[in-house]
Amino acid sequence: ASLTGLEDCREQATENTEPERGQQIRTLLAAIRRLPDERQRQAILYRFFAGLSDNEIATRLGITAGHLRVLRHRGLAALRRDQQLAGDLGWLNGE
């Protein structure tokens, strides 16, 4: 699997949302795209955008469920440290 699913996630997530919410989703997806590890990107996208279970994602990626959770945790931690994302979504200003 590759990031071709990212475009599908973007379309599905923004097609029936308010304009502001759609922009937030596009901003978040751009931050996910900046993650250096493709498996981290996939772990986050499959879980939070596609709604797959850990076992389904692990099977798709060919890894154990435990390794998947480590990848997802590291990816989410990197997103929390992403200053560009925080600024774009107003997290630094407490908005």
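Data block above holds the structure.
Residues numbered from 1 in each chain as written. Predicted model: local features only at pLDDT ≥ 70, side-chain atom pairs only at ≥ 80, totals over all residues. Heavy atoms only, no water.

Undergrad: Would you mind going over the overall build of the protein chain with me for this structure?
TA: The number of helices and strands found in the protein chain is 6 helices and 0 strands. What you see in the protein chain, going N to C, is helices and strands ordered as α-α-α-α-α-α. In the protein chain, which comprises 95 residues, the share counted as buried stands at 39%. Considering only contacts within the protein chain whose residues lie at least 6 apart along the sequence, 51% involve residues at least 24 apart. Put simply, the protein chain shows about 5,900 Å² of open surface, and 46% of that area lies on carbon and sulfur atoms. (Helix = DSSP H or I, 4+ residues; strand = E, 2+ residues; numbered from the N terminus. Buried < 20%, exposed > 50% of the residue type's maximum accessible area, 1.4 Å probe, protein only. Contact = heavy atoms within 4.5 Å. Areas by Shrake-Rupley, 256 points an atom, 1.4 Å probe, with all protein chains shown as cover.)

Undergrad: Honestly, the side chain of D82 in this entry has me stumped. Any pointers?
TA: Tracing the backbone through its elements, the reader meets D82 in the loop between α5 (65-81) and α6 (83-89). At 2.9 Å, the side chain of D82 forms a polar contact with the backbone nitrogen of L85. Those residues within four positions of D82 in sequence are excluded, and the remaining contacts are A31 and R34. (Polar contact = N/O pair within 3.5 Å; in protein donor to acceptor, adjacent residues only side chain to side chain.)

Undergrad: Mind showing me how you'd approach the packing of helix α4 (residues 54-61) against α5 here?
TA: Angle between the axes and distance between the axes: these two values describe a pair of packed helices. α5 packs onto α4 with a crossing angle of 95 degrees between their chain directions and a minimal axis gap of 9 Å. Considering the angle they form, α4 stands roughly perpendicular to α5. Contacts between α4 and α5 involve D54, N55, I57, A58 and L61 on the former and, on the latter, A65, L68, R69 and R72. Partitioning the contact of α4 with α5 into residue classes produces 5 nonpolar, 1 polar and 3 charged. (Axes fitted to C-alpha atoms, helices over the stretch in contact; angles between N-to-C directions. Parallel < 35°, antiparallel > 145°, perpendicular 65-115°, else oblique. Nonpolar A, V, L, I, M, F, W, Y, C, P; charged D, E, K, R; others polar.)

Undergrad: What exactly am I supposed to notice about the side chain of T27 here?
TA: Summarising the element assignment, T27 is placed in helix α2 (residues 19-34). We classify T27 as buried; its relative accessible area is 12%. Apart from residues no more than four positions distant in its own chain, T27 is found in contact with L85, D88 and L89.

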